[in-house]
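Letter by letter, the chains look like this.
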Amino acid sequence: LWPWLLASSGLSALVQLVTLPFFPDSPSYLLIQKGNEEACRKAIRKLWGEGDHQAEIDDIMKEKAAMTSTKTLRVLEVIKERSLRWQLYILMTVMTTLQLCGINAVECSPKFEEYLIPYVSLGVGLCECLSSILCSTLIDRYGRKVLLWGGYMLMCSVLALLTMTLSLQHQFFWMHYFSVILIFLFVIFYGIGP
């Protein structure tokens with residue numbers, strides 16, 4: 001069963017490989033990058049059907065005008081630009097905490113019985129999918145800042161509990177299962193927060 005489960009991800013890739021040539025290019029790509037308005041109109045008709053789509057084309061044209069008025073900065077220019085300094089600090093902090101949050105240690109270090117490993121792997125994958133769905137619905141309602149703070153705080157709590165359950169798993173037979181549940185929660189909070 002495990003090889004079939006692993007190969008199932010290749011099935012979606014194969015479906016995408018076969019069907020992708022029949023999909024139209026993005027209308028904004030055709031108009032902004034390629035400058036081909038007729039191909040843009042054709043792609044919009046193919047995506048949304050016949051009708052008057054001039055409002056969408058006007059929106060894309062506004063986006064193109066905004067992009068041409070924006071100056072592209074090099075890396076050193078971004079670092080030297082004082083108005084971008086706080087955004088750069090925030091970005092560096094988020095990326096650093098993302099690297100040091102412990103997701104790799106949680107997914108790789110706990111030792112479980114051999115029969116539990118496929119279920120843990122499957123559960124982690126399902127938790128990642130669930131967290132993606134939850135994050136996309138929660139980010140509009142609460143904002144990125146709340147999700148970051150909440151995700152990190154919940155991850156810290158789960159890590160504290162996970163440390164206790166891993167140290168007690170040799171004393172209680174059911175502690176393995178509690179550790180697995182905590183790993184699933186950690187992955188969900190990781191996906192929702194950072």
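Residues numbered from 1 in each chain as written. Predicted model: local features only at pLDDT ≥ 70, side-chain atom pairs only at ≥ 80, totals over all residues. Heavy atoms only, no water.

(A) Structural view of the overall build of the chain. Within the chain, the regular secondary structure consists of ten helices and zero strands. Counting from the amino terminus, the chain carries its helices and strands in the arrangement α-α-α-α-α-α-α-α-α-α. A compact globule built from 194 residues would reach a C-alpha radius of gyration of about 16 Å, whereas the chain, at 23 Å, exceeds it by more than 25%. Reported as C-alpha extents along the three principal axes, the dimensions of the chain are approximately 70 × 50 × 30 Å. Put simply, the chain has 194 residues, and 24% of those count as buried. Both charge centroids of the chain, one from 16 positive and one from 16 negative side chains, sit 9 Å from each other. (Helix = DSSP H or I, 4+ residues; strand = E, 2+ residues; numbered from the N terminus. Rg over C-alpha atoms; globule rule 2.2 N^0.38 Å. Buried < 20%, exposed > 50% of the residue type's maximum accessible area, 1.4 Å probe, protein only. Lys, Arg positive; Asp, Glu negative; His and termini not counted. Charge placed at Lys NZ, Arg CZ, Asp CG, Glu CD.)

(B) Expanded view of the pattern of salt bridges. In the structure shown here, the tally under the stated rule is two salt bridges. Here E38 and R45 are joined by a salt bridge, their closest N and O atoms 3.7 Å apart. Owing to a relative accessible area of 30%, R45 belongs among the partly exposed residues under this scheme. (Salt bridge = Lys/Arg side-chain N within 4 Å of Asp/Glu carboxyl O.)

(C) Structural context of the environment of R85. Summarising the element assignment, R85 is placed in helix α6 (residues 85-99). Here R85 falls in the partly exposed class, since its relative accessible area comes to 24%. R85 sits ten residues away from V75 along the chain, and the two C-alpha atoms are 12 Å apart. The contacts of R85, once residues within four sequence positions are left out, are I79 and K80. A distance of 3.4 Å separates a polar side-chain atom of R85 from the backbone oxygen of I79. Here K80 takes part through its backbone oxygen, which lies 3.3 Å from a polar atom of the side chain of R85. (Contact = heavy atoms within 4.5 Å. Polar contact = N/O pair within 3.5 Å; in protein donor to acceptor, adjacent residues only side chain to side chain.)

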